[in-house]
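Reading the structure
Single-letter residue listing:
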Amino acid sequence: MKDSSDVDGHAEAVMDYILSWCLRWSEYKYKDVKPILHRYCRYMLLKILERNACDDIIVESIYVWKQEQRIDLWVEAELVVNGQYEKHAVLIENKYYSPIHPSKDIDGVFRNQLEVYKKKFEAHYADKGNFHIHFAVITCMERFEEIFTDTYDEHLLERLGFKLFAFDDMLDESIGIDTESDIFNEFWLRSW
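Notes on the structure in this doc start here. Note that this is a predicted model, so its numbers are computed, not measured. (Residues numbered from 1 in each chain as written. Predicted model: local features only at pLDDT ≥ 70, side-chain atom pairs only at ≥ 80, totals over all residues. Heavy atoms only, no water.)

Grouped together as the largest cluster of nonpolar side chains are 38 residues, with contacts concentrated most on Ile48, Ile92, Phe184 and Trp188. When contributions to this core are tallied by element, the ones reaching two or more residues are α1 (11-24), α2 (35-48), β1 (57-68), β2 (71-81), β3 (84-95), β6 (131-139) and α6 (182-189). Per element, the largest residue contribution to this core is seven residues, and it comes from α2. Non-local contacts of Ile48, meaning those with residues more than four positions away in its chain, are made with Leu23, Val90, Ile92, His134, Ala136, Ile138, Phe165 and Met170. Within the second largest apolar cluster, 15 residues are counted, among which are Trp74, Phe135, Val137 and Phe162. (Core = buried A, V, L, I, M, F, W, Y, C linked by side-chain atoms within 4.5 Å. Buried < 20%, exposed > 50% of the residue type's maximum accessible area, 1.4 Å probe, protein only. Helix = DSSP H or I, 4+ residues; strand = E, 2+ residues; numbered from the N terminus. Contact = heavy atoms within 4.5 Å.)

Next up on the list: the pattern of salt bridges. It is possible for side chains bearing opposite charge to pair when their charged atoms get close. Here the structure, examined in full by the defined rule, presents eight salt bridges. Residues participating in the shared-partner salt-bridge network are Asp105, Asp107, Arg111 and Lys119. (Salt bridge = Lys/Arg side-chain N within 4 Å of Asp/Glu carboxyl O.)

Below, the discussion takes up α6. Within the sequence span of α6, burial applies to Phe184, Asn185, Phe187 and Trp188. The inward-facing, buried residues of α6 abut α1 and α2. The opening residue of α6 is Ser181, an N-cap whose side-chain oxygen sits 3.3 Å from the backbone nitrogen of Ile183. (Polar contact = N/O pair within 3.5 Å; in protein donor to acceptor, adjacent residues only side chain to side chain.)

Within β2, ten of the eleven residues are buried, leaving the element largely enclosed by the surrounding structure. Bridge analysis of β1 against β2 gives ten bridges, and the strand direction is antiparallel. By the bridge assignment for β2, Lys66 is matched with Leu73. The antiparallel pairing of β1 with β2 creates a hairpin that spans two residues between the two strands, and Gln69 there sits at a positive phi of about 55°. Examined bridge by bridge, β2 and β3 share nine bridges and lie antiparallel to one another. Paired with Val75 across the strands is Val90, a residue of β3. With antiparallel pairing between neighbouring strands as the criterion, β2 and β3 make up a hairpin whose turn holds two residues, including Asn82 at a positive phi of roughly 50°. (Pairing = 2+ DSSP bridges.)

Attention now goes to the sheet that holds β2. Pairing is mixed across the open sheet formed by five strands, whose spatial order is β1-β2-β3-β6-β7. What marks the edges here is a single partner per strand, and that holds for β1 and β7 (163-165). The average undirected angle you get between the axes of adjacent strands in this sheet is 25°. Here α1 sits on the sheet and contacts β1, β2, β3 and β6; the angle it forms with β1, its principal contact strand, is near 160°. Sitting on the sheet, helix α3 (residues 113-125) is in contact with β2, β3 and β6, with an inclination near 155° to β3. (Axes fitted to C-alpha atoms, helices over the stretch in contact; angles between N-to-C directions.)

Written out as structure tokens, the structure is:
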């Protein structure tokens, strides 16, 4: 996806679809369908949830909504951890070419988009109980790229409650082989 363009060209929409698809492939029911793909995708989800990808965690179900209330990806996951059910909700903001920008809040005032989206997300889950809430920014830039450190202030994102994931953070390098999916392989393993 990365070329010489200086503008998005809807690359973030492609990221929405690819990430949504990958997160859904993390479900346990796909474990034996395409095991290598499942392993990569499960790693991604558990990385976002800040969990180790150990065998004691079963990804029971994943639901993903794109552009719900302008949030790139709205994810709900149910895990079984050592026999106990856990519910997780994740707000994911994708970034490709653009940095964090202002967004109109419910009072009509423009604020940091992450603050606006986080407020909506937290309000939605305020009376839902039992959800572990996570906030993530995922970029197609790799950590070693100068533009990554020039574009993203990781400390600011942490103060806002968001975890920053670079492209290379999302891959389990210990797998080291192609998956059973050309889509995954082209986007994640060969696009750079």
